[in-house]
Amino acid sequence: MTELSIQLVSVMIVKQGLNAVLEMVAPFLKRFWKEKRHHRKDKKITSINTQWERDYNLLDWSSRTLVPEYLEMVIQFGFITIFVSAFPLAPLFALLNNIFEMRLDAQKLLKYYRRPISSHVSNIGVWFPILDSLVKLSVISNSFIIAFTSNFIPKFVYRAERGTLDGFLSYVSHRFNISDFPIESAPITTYGNISVCIYQSFEDIPHDKGQGYINFYWKVLMARLAFIVVFQNVVFCCSLLLNWLIPDVPRKLKIKIRQRDHIIKEYNIKQEREKSIQPTTTHCSNTLMTIDDECCWLESIL
């Protein structure tokens, strides 16, 4: 658990800081190199004065420019959800990084890229199922981390058997005599008069603990597996309940969309009927209504 926490600290602080610096430096260097190449092609140009010349030297905005941005957010989301129980401060560092990076991205888009061409999309595409899979994976991983790396369940089982936690630490602690080390793996230096090493572990069952400790070990293992099953089902049920309580499209908006579709359908049927009755009509009356062409008309009606 300690090693995992250290790795998460390095990822959420050091790596995110380096990525923010690279995201700001890389577009600047690309733009600088593009201006240099432009000057080399035409040596008569001494300075760039007009706005269109400055815009020409900006970086192109393609359909794949946002892919690294989405990928960075998805990786960050995976770290703060899958291992949040190992490093609870990860969401806080992610929030601070995103607040800082919003300004960096705004500066980058305004100064180093050409104006992108807007396009209508219904959702974020393939990234949504990826995020949904990460959420499900995070529930499983956090349940295992809590069950197998904390003393919550061993203490619960011990209290359930004896009614108190007195003697818990000595009961689960093992003693190892340093003199029992093999010669090839014995420590080089000794620390004072220390002759016994005490450690806590449920994997190594010492024979001197007796059959009671062996039964306690299996009870703890079964309690951990039961906790994993209960934790996952409770979290998934809560997520389904929240999805039902907070729909993606509000109910009022669904009613407006149905009204709009109904009005468009009725109008198109009426136009087709008039067209069949009166073949000689104007071009505008023969044109069926579409959502994009009659948006303002629908807004005035609704």
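Asks: For this particular structure, what's the right way to read the environment of Ile198?
Replies: Mapped onto the elements, Ile198 comes out in strand 2 (residues 196-200). Sequence-wise, Ile198 and His174 are 24 residues apart; in three dimensions their C-alpha atoms are separated by 5.5 Å. Those residues within four positions of Ile198 in sequence are excluded, and the remaining contacts are Ser173, His174 and Arg175.

Asks: Even after reading the chapter, I still don't get the packing of aromatic side chains, so can you show me in this structure?
Replies: Centre distance and the angle of the planes are the two values used to describe a pair of aromatic rings. All chains considered together, the criterion is met by 7 aromatic pairs. Here Phe87 and Phe93 contribute two aromatic rings whose centre-to-centre distance is 6.0 Å and whose plane-to-plane angle is 5 degrees, an arrangement assigned as stacked. Among the residues examined, Phe93 registers a relative accessible area of 26% and is labelled partly exposed.

Asks: Which parts of the structure should I look at to understand helix 4 (residues 90-111)?
Replies: Note that an α-helix has 3.6 residues per turn; residues three or four places apart therefore point the same way. Taking 1.5 Å per residue as the helical rise, helix 4 with its 22 residues ought to reach 32 Å, and the 31 Å between its terminal C-alpha atoms agrees with that figure. Among the residues of helix 4, those classed as buried are Ala90, Ala94, Asn97, Glu101, Leu104, Asp105 and Lys108.

Asks: Is there a simple way to explain the pattern of salt bridges in this structure?
Replies: Working definition: two side chains of opposite charge can pair if their charged atoms are close together. Enumeration according to the criterion identifies 5 salt bridges in this entry. Two residues, Lys108 and Asp105, come together in a salt bridge whose shortest N-O distance is 3.6 Å. A residue pair is termed a helical-turn pair when its members lie 3 or 4 positions apart in one helix, as Lys108 and Asp105 do in helix 4 at 3 residues. Residue class for Asp105 comes out buried when judged on its relative accessible area of 18%. In this structure, Asp261 engages Arg260 in a salt bridge whose closest nitrogen and oxygen atoms are separated by 3.3 Å. Residue classification places Asp261 among the partly exposed positions, given a relative accessible area of 35%. Judged by its relative accessible area of 25%, Arg260 is partly exposed.

Asks: How should helix 5 (residues 127-149) be read in this particular structure?
Replies: Between its terminal C-alpha atoms helix 5 stretches 32 Å, which fits the 33 Å expected from 23 residues at 1.5 Å a residue. Those residues of helix 5 that fall on the buried side of the exposure criterion are Trp127, Leu134, Ser138, Val139, Ser141, Asn142, Ser143, Ile145 and Ala147.

Asks: What's the story with a nonpolar patch on the surface in this structure? I'm lost.
Replies: Taken together, the side chains of Leu89, Leu92, Leu95, Leu96, Ile99 and Met102 make up a nonpolar region of the molecular surface, amounting to roughly 580 Å² of accessible area. Mapped onto the fold, Leu95 is located in helix 4. A relative accessible area of 48% means that Leu95 is categorised as partly exposed.

Asks: Before we go on, may I ask you to explain the packing of helix 3 (residues 67-82) against helix 4 in this structure?
Replies: How two helices sit against one another is set out by the angle between their axes and by the gap between those axes. Following both chains from N to C, one finds helix 3 and helix 4 inclined at 170 degrees, their axes separated by 11 Å at the closest point. Put simply, helix 3 runs roughly antiparallel to helix 4. Contacts between helix 3 and helix 4 involve Glu69, Glu72, Met73, Gln76 and Ile80 from the first element and Ala90, Pro91, Ala94, Asn97, Asn98, Glu101, Asp105 and Lys108 from the second. Classifying every residue of the contact of helix 3 with helix 4 gives 5 nonpolar, 3 polar and 5 charged.

Asks: For this particular structure, what's the right way to read the state of the cysteines?
Replies: Two cysteines joined by a covalent bond between their sulfur atoms form a disulfide. One pass over the full model with this rule turns up 0 disulfides. Note on Cys237: no disulfide assigned, nearest cysteine sulfur contributed by Cys238 at a separation of 7.0 Å. By relative accessible area, Cys238 is classed as partly exposed at 42%.

Asks: Whenever I open this one, the packing of helix 3 against helix 5 confuses me. Can you help?
Replies: Where helix 3 meets helix 5, the closest approach of the two axes is 8 Å, and the angle between their N-to-C directions is 20 degrees. If you check the angle between helix 3 and helix 5, you find them roughly parallel. Judged by the sense of rotation from one axis to the other, the crossing of helix 3 with helix 5 is right-handed. Two secondary-structure elements touch here, helix 3 through Val67, Tyr70, Leu71, Val74, Phe77, Gly78, Thr81 and Ile82 and helix 5 through Trp127, Ile130, Leu131, Leu134, Val135, Leu137, Ser138, Ser141, Asn142 and Ile145. Among the residues forming the contact of helix 3 with helix 5, the class breakdown is 13 nonpolar, 5 polar and no charged.

So, how was this worked out
- Residues numbered from 1 in each chain as written.
- Predicted model: local features only at pLDDT ≥ 70, side-chain atom pairs only at ≥ 80, totals over all residues.
- Heavy atoms only, no water.
- Helix = DSSP H or I, 4+ residues; strand = E, 2+ residues; numbered from the N terminus.
- Contact = heavy atoms within 4.5 Å.
- Phe/Tyr/Trp six-rings, centres within 6.5 Å; stacked < 30°, edge-to-face > 60°.
- Buried < 20%, exposed > 50% of the residue type's maximum accessible area, 1.4 Å probe, protein only.
- Expected span 1.5 Å × (residues − 1).
- Salt bridge = Lys/Arg side-chain N within 4 Å of Asp/Glu carboxyl O.
- Patch = residues over 30% accessible without salt bridge, like charges linked within 9 Å, V, L, I, M, F, W, Y side chains within 5 Å.
- Areas by Shrake-Rupley, 256 points an atom, 1.4 Å probe, with all protein chains shown as cover.
- Axes fitted to C-alpha atoms, helices over the stretch in contact; angles between N-to-C directions.
- Parallel < 35°, antiparallel > 145°, perpendicular 65-115°, else oblique.
- Nonpolar A, V, L, I, M, F, W, Y, C, P; charged D, E, K, R; others polar.
- Disulfide = S-S within 2.5 Å.
- Left-handed = near helix turned anticlockwise from the far one by under 90°.

Structural measurements only, silent on function.
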